[in-house]
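# Remarks on the overall topology
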Amino acid sequence: MRDEQGRPIRKVAPRLAPADAGIRLSKHLSDQGLCSRREADEFIEKGWVTVNGQRATLGQRITPTDKIQVAKQAQRAQESRVTILINKPVGLVSGQAEDGYAPAASLITPENHWAGDSSGLLFEPKHLRGLAPAGRLDIDSVGLLVLTQDGRVAKTLIGDKSDVDKEYLVRVEGSLSDEGLRLLNHGLLLDGVPLRPAKVSWQNEDQLRFVLTEGKKRQIRRMCELVGLHVVGLKRIRIGQVLLGDLPTGQWRYLGDNEGF
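Residues numbered from 1 in each chain as written. Predicted model: local features only at pLDDT ≥ 70, side-chain atom pairs only at ≥ 80, totals over all residues. Heavy atoms only, no water.

Identification of the chain as Dual-specificity RNA pseudouridine synthase RluF from Formosimonas limnophila is taken from an unreviewed UniProt entry. Recorded under Sequence similarities (unreviewed entry), the UniProt text for the chain is reproduced unchanged: "Belongs to the pseudouridine synthase RsuA family." (UniProt positions renumbered as here; feature names shortened; annotations may be inferred.)

## Some remarks on the pairing of strand β12 (residues 199–204)
As paired strands, β12 and strand β13 (residues 207–212) are joined by five bridges and run antiparallel to one another. Counted as the bridge partner of S201 is R209 from β13. Hairpin geometry of β12 and β13 is characterised by an intervening segment of two residues between the two adjacent antiparallel strands. (Pairing = 2+ DSSP bridges. Helix = DSSP H or I, 4+ residues; strand = E, 2+ residues; numbered from the N terminus.)

## Overview of the nonpolar core
In terms of nonpolar packing, the biggest core is built from 33 residues, with L184 and F210 touching the most fellow members. Among the secondary structure elements, those contributing two or more residues to this core are β6 (83–88), β8 (142–148), β9 (166–173), β13, α6 (219–226), β14 (230–239) and β16 (252–254). When residues no more than four places from it in sequence are discounted, the contact partners of L184 are L176, A198, V200, L208, F210, M223, C224 and V227. (Core = buried A, V, L, I, M, F, W, Y, C linked by side-chain atoms within 4.5 Å. Buried < 20%, exposed > 50% of the residue type's maximum accessible area, 1.4 Å probe, protein only. Contact = heavy atoms within 4.5 Å.)

## A closer look at the environment of L58
Positionally, L58 belongs in the loop between β3 (54–55) and β4 (61–62). Taking the relative accessible area as the measure of exposure, L58 reaches 47% and is therefore partly exposed. L58 sits 32 residues away from S26 along the chain, and the two C-alpha atoms are 8.1 Å apart. When sequence neighbours within four positions are dropped, the list of residues in contact with L58 reads D41, I44 and E45.

## Focus on the side chain of T83
Among the structural elements, T83 can be located in strand β6. Among the polar contacts made by the side chain of T83, one reaches the side chain of T148 at a distance of 2.7 Å. Setting aside residues up to four positions removed in sequence, T83 forms contacts with V146, L147, T148, D150, V153, R253, Y254 and L255. (Polar contact = N/O pair within 3.5 Å; in protein donor to acceptor, adjacent residues only side chain to side chain.)

## Some words on the sheet that holds β3
The three strands lie next to each other as β3-β2-β5, forming an open sheet whose pairing is antiparallel. The open sheet has two free edges, formed respectively by β3 and β5 (68–70), since each of these has just one partner strand. As paired strands, strand β2 (residues 49–51) and β3 are joined by two bridges and run antiparallel to one another. What sits directly across from T50, in β3, is R55.

Structure below.
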C-alpha cells in the first residue's frame, strides 16, 4: 500500500504483551479456591472457561483487568467429586501399590462401606476414578487416611500453605526427659530444617499425643528417635475438624456435605 504521494506505507505490528506477562489462568483459578491447577486445566480443555468472552486456552496468562468466567458445568463437576475417609490398618500403603503391598484404596468396596456412614451417598465405581491420597500414613501406622477426587480438598490438606493440624496417638518405649518433651514441642530439626512448633503431651504412661501442622516422611518416628524414644504404635485420630471417630479398622465412609477440614 502507498500514500497519496506514492510512498510505501509501513505496517507496524501491534505491540503484544510479553509471553510472561500476568499469571497463568490455571494458577489464578486455583488461587481463588475454585479448583486445583490440574482441575483448572481440565476445565479449560473442556471449554468451560472464558477470558474476555473468548474460550481460554491451556497455558494462557491473564492480567488483573481480564474478565474470567467459569461455566456452571465446572461447578457441577466439582460437586460430583467425592472425598473418602478410611481407617487404614497396618500393612497397606497410602498411595500406589509398592513392594508387594496393596494400596489403601483397595479397601474401597461396597462390602467395606461403613454401615454408620451418614452422608447418604451410595458407592459407585466412578468414585474410584482419579481418587488420590491427600497426605500419607506409613505402612506400619493406622488410622484416618483421606483420599479425594477434589483438588480443593487436596490443596487444603497438603498444599504448600496448608496449616490444617493432624492429631496422633503414639505408643512409645524408652525414657523421655522434660527437656526431650520440650524439644518435641519445638526445637528439633529434620534433614537440617527446623520443624514447625508441635503440641506434644503425655496421654498416659506409655502413650504420647502429637498435634502437627506438617507431615514430613516418618516425621513422628524420627522426632521420637531424636529424643531417645522408640515408636511401637502410631494412630492418626483427627485431621482438622474431621475425627476418625467410630469408623472401624479396614472400613471407609464418605465425607459428608456438612463436614469440612
